[in-house]
Amino acid sequence: MVRISDVAKLANVSTATVSRVLSNSGNVKKETTEKVLEAIRKLNYQPNMLARQLRKLETKTILVVVPDITNTFFSKVLRGIEHVAIENDYEVLLGDTGNNIERESGYLNILRQRKADGMIMLTARLEARELEEIASEFPVVLACEYLEGSTIPTVSIDNISSARKATEYLIHLGHRRIGFISGPLNVILSRDRLKGFQQAMAQHGIPIESLLVQEGDFSFESGYNMMMKFLALDQPPTAVFASNDEMAIGAIKAIKSRGLRVPDDISVVGFDDIQFASIYEPALTTISQPMFEIGKKAMELLIKLINKDKLEKSQYILEDQLVIRETCKKYI
């Protein structure tokens, strides 16, 4: 096996000079650098990355913890993370909790064992104390979800105002009997979206019937099942706001299964703007989250934490947008 000393000997330089060339740390003359690189090519030298990592106490790996990898929302967020990671020579290790808090807690051990340099959490369902504790020892960034009152750097949208915006759109179309399908209410963004719905209804003096608020779990199946509950009522809603696109598409499937039409009989609004939302028929009206940008900003913050750079601010709220497509119409 070719060693660094073999490269140094062929280039007629010290091993320290070869190390500086490999780490691109500067202070090496151009002609010396070229001699070292030529020796590396001739000998086909492969640096021992593990040894370098042990010396520097870094792995050049970051951990991303996702609540449910089957939820297509996270694919664009992950792409944004990886875009910045690749530019900065980091590899991304993915952990899927499957919405299991114990598994979420277990992934923290990867940091404790120093198998990653930092972590981006796309879920925040652990106790605040546990997350704050790990963030005090290691670089941690929260994205999408957040902890109230936490100092952990966070990237998200304003879920309350986004949900209020979607609900007000339905109200302005003339709907008063609006069904709401929430995500699991042990998740803060689900509670925020419910709060936004409630605020919009209250601001327009529209009472909320308890039967018109149902708790889903962000899956297509739960959207379908909750919509079937609405359709079983004596007076079904004229419009439904689902807390994510997968549940909204499930709701549309349920409506169609009863021989009804969207939006002619019932209007539907989703949340997230996953890729399938624009190609589904009818194309889904939804709140569009800047998923790729959330991932990019989260990774940029994590790199700053890893490098111990000063953060300009720790909380980033990115802009969402109501995308109007084909699933809503005026109610007369």
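Anything mentioned here points back to the structure above.
Attention in this report is confined to the structure presented alongside it. Bear in mind the structure is a predicted one, so any value in this text is a computation, not a measurement.

## Notes on the sheet that holds strand 1 (residues 61-66)
Next, step 1: Ordered by their spatial adjacency, 6 strands build an open sheet running 2-1-3-4-5-11, and the pairing between neighbours is parallel. Where the open sheet ends on each side, the last strands, each with one partner, are strand 2 (91-96) and strand 11 (315-317). When the angles between neighbouring strand axes are averaged without regard to direction, this sheet yields 15°.
Next, step 2: Where strand 3 (residues 118-121) lies against strand 4 (residues 140-143), 3 bridges are found, and the strand directions are parallel. Looking across to strand 4, one finds that M121 is bridged to L142.
Next, step 3: Contacts from helix 5 (residues 73-87) reach strand 1, strand 2 and strand 3 within the one sheet, and its direction differs from that of strand 1 by about 170°.
Next, step 4: Along the sheet face, helix 13 (residues 291-306) touches strand 1, strand 3, strand 4, strand 5 (154-156) and strand 11 and points at about 165° away from the line of strand 4.

## Some points on the sheet that holds strand 8 (residues 239-242)
Next, step 1: Spatially, 7-6-8-9-10-12 is the arrangement adopted by the 6 strands of the open sheet, whose pairing is mixed. Lying at the two open borders of the sheet, with one neighbouring strand each, are strand 7 (213-215) and strand 12 (321-323). Across this sheet, the average inter-strand angle for adjacent strands is 15°, counted without regard to direction.
Next, step 2: Taken together, the 3 bridges between strand 8 and strand 9 (residues 267-272) define a ladder with parallel strand orientation. Looking across to strand 9, one finds that A239 is bridged to S267.
Next, step 3: Contacts from helix 9 (residues 188-203) reach strand 6 (178-182), strand 7, strand 8 and strand 9, with the element oriented near 165° to strand 6.

## Details of helix 2 (residues 15-23)
Next, step 1: All of the buried residues along helix 2 are T17, V18 and V21. Taken end-on, helix 2 shows its buried residues confined to a sector of 100°, consistent with a single buried face.

## Let's talk about the packing of aromatic side chains
Next, step 1: Applying the stated criterion across every chain, the model contains 5 aromatic pairs.
Next, step 2: Look at F73 and F74: their rings are 5.1 Å apart centre to centre, the planes differ by 75°, and that puts the pair in the edge-to-face class.
Next, step 3: Owing to a relative accessible area of 5%, F73 belongs among the buried residues under this scheme.
Next, step 4: Owing to a relative accessible area of 7%, F74 belongs among the buried residues under this scheme.
Next, step 5: Between F241 and F271 the ring centres are 6.5 Å apart and the planes differ by 25°, which places this aromatic pair in the stacked class. Residue F241 is found in strand 8, and its partner F271 is found in strand 9; the two are separated by 30 residues along the sequence.
Next, step 6: Residue class for F271 comes out buried when judged on its relative accessible area of 0%.
Next, step 7: Among the aromatic residues, those joined into a ring-pair cluster are F180, F197, F241 and F271.
Next, step 8: In this arrangement the basic side chain of K60 is found over the ring face of Y90, its NZ or CZ atom lying 3.9 Å from the centre.

Conventions adopted
Residues numbered from 1 in each chain as written. Predicted model: local features only at pLDDT ≥ 70, side-chain atom pairs only at ≥ 80, totals over all residues. Heavy atoms only, no water. Pairing = 2+ DSSP bridges. Helix = DSSP H or I, 4+ residues; strand = E, 2+ residues; numbered from the N terminus. Axes fitted to C-alpha atoms, helices over the stretch in contact; angles between N-to-C directions. Contact = heavy atoms within 4.5 Å. Buried < 20%, exposed > 50% of the residue type's maximum accessible area, 1.4 Å probe, protein only. Arc of directions from axis to C-beta. Phe/Tyr/Trp six-rings, centres within 6.5 Å; stacked < 30°, edge-to-face > 60°. Lys NZ or Arg CZ within 6 Å of the ring centre and 35° of its normal.

Any link to function would need more than the numbers given here.
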